[in-house]
Amino acid sequence: MKINVVGKAHLKGMSKKSNNPYDFIQIHYLGFARGVEGKAALTLSLDPSQFPYDRITVPGDYLVDFDNRGFPVDFQPAPGK
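Residues numbered from 1 in each chain as written. Predicted model: local features only at pLDDT ≥ 70, side-chain atom pairs only at ≥ 80, totals over all residues. Heavy atoms only, no water.

Draft legend 1. Seen up close, the overall build of the protein. Helix and strand content of the protein: 0 helices and 5 strands. Shown N-terminal to C-terminal, the secondary structure of the protein runs as helices and strands in the order β-β-β-β-β. Each of the three principal axes of the protein carries a C-alpha extent, and together these read 45 × 30 × 25 Å. Counting over 81 residues, the protein shows a buried share of 23%. Long-range pairs, those at least 24 residues apart, make up 37% of the contacts in the protein between residues at least 6 apart in sequence. Across the protein, 10 positive and 8 negative side-chain charges occur, with their mean positions spaced 5 Å apart. (Helix = DSSP H or I, 4+ residues; strand = E, 2+ residues; numbered from the N terminus. Buried < 20%, exposed > 50% of the residue type's maximum accessible area, 1.4 Å probe, protein only. Contact = heavy atoms within 4.5 Å. Lys, Arg positive; Asp, Glu negative; His and termini not counted. Charge placed at Lys NZ, Arg CZ, Asp CG, Glu CD.)

Pasting the structure below:
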């Protein structure tokens with residue numbers, strides 16, 4: 001699936017509730033969602049060990065593939081025009 005990344009954030013810290021560490025990259029893009037007229041603001045979480053934060057450009061077009069549970073398994077820049 002092709003998406004246009006419009007924002008990104010690297011979130012890292014300790015959970016206040018469980019005191020467990022977290023570390024992930026949050027990608028923001030526009031896409032279609034059930035019940036939304038036009039496009040919705042959507043997010044996607046990525047593992048920073050697989051998809052380095054500094055290699056993600058904003059704005060940028062990317063190809064994303066998901067596994068059968070909806071988790072991203074591939075995230076790469078879309079080929080240029």
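Draft legend 2. Structural view of the pairing of strand β5 (residues 72-77). With 5 bridges connecting them, strand β4 (residues 60-66) and β5 associate as antiparallel partners. Residue leucine 63 lies in a different strand from β5, and its bridge partner there is glutamine 76. (Pairing = 2+ DSSP bridges.)

Draft legend 3. How the structure looks around the nonpolar core. The biggest cluster of nonpolar side chains holds 12 residues, and these are Ile3, Val5, Ile25, Ile27, Tyr29, Leu44, Leu46, Phe51, Ile56, Tyr62, Val64 and Phe75. It is strand β2 (residues 21-31) that contributes the most residues to this core, 3 residues altogether. When residues no more than four places from it in sequence are discounted, the contact partners of valine 64 are Met1, Ile3, Leu44, Pro72, Asp74 and Phe75. (Core = buried A, V, L, I, M, F, W, Y, C linked by side-chain atoms within 4.5 Å.)

Draft legend 4. Summary view of the pairing of strand β1 (residues 2-14). Direction of pairing for β1 relative to β4: antiparallel, over a ladder of 4 bridges. Considered in β4, the bridge of isoleucine 3 is made with tyrosine 62. Direction of pairing for β1 relative to β2: antiparallel, over a ladder of 9 bridges. The partner of glycine 7 across the bridge, within β2, is histidine 28. Remark: 6 residues form the turn of the hairpin made by β1 and β2, two consecutive strands paired antiparallel; asparagine 19 in that turn has positive phi of roughly 60 degrees.

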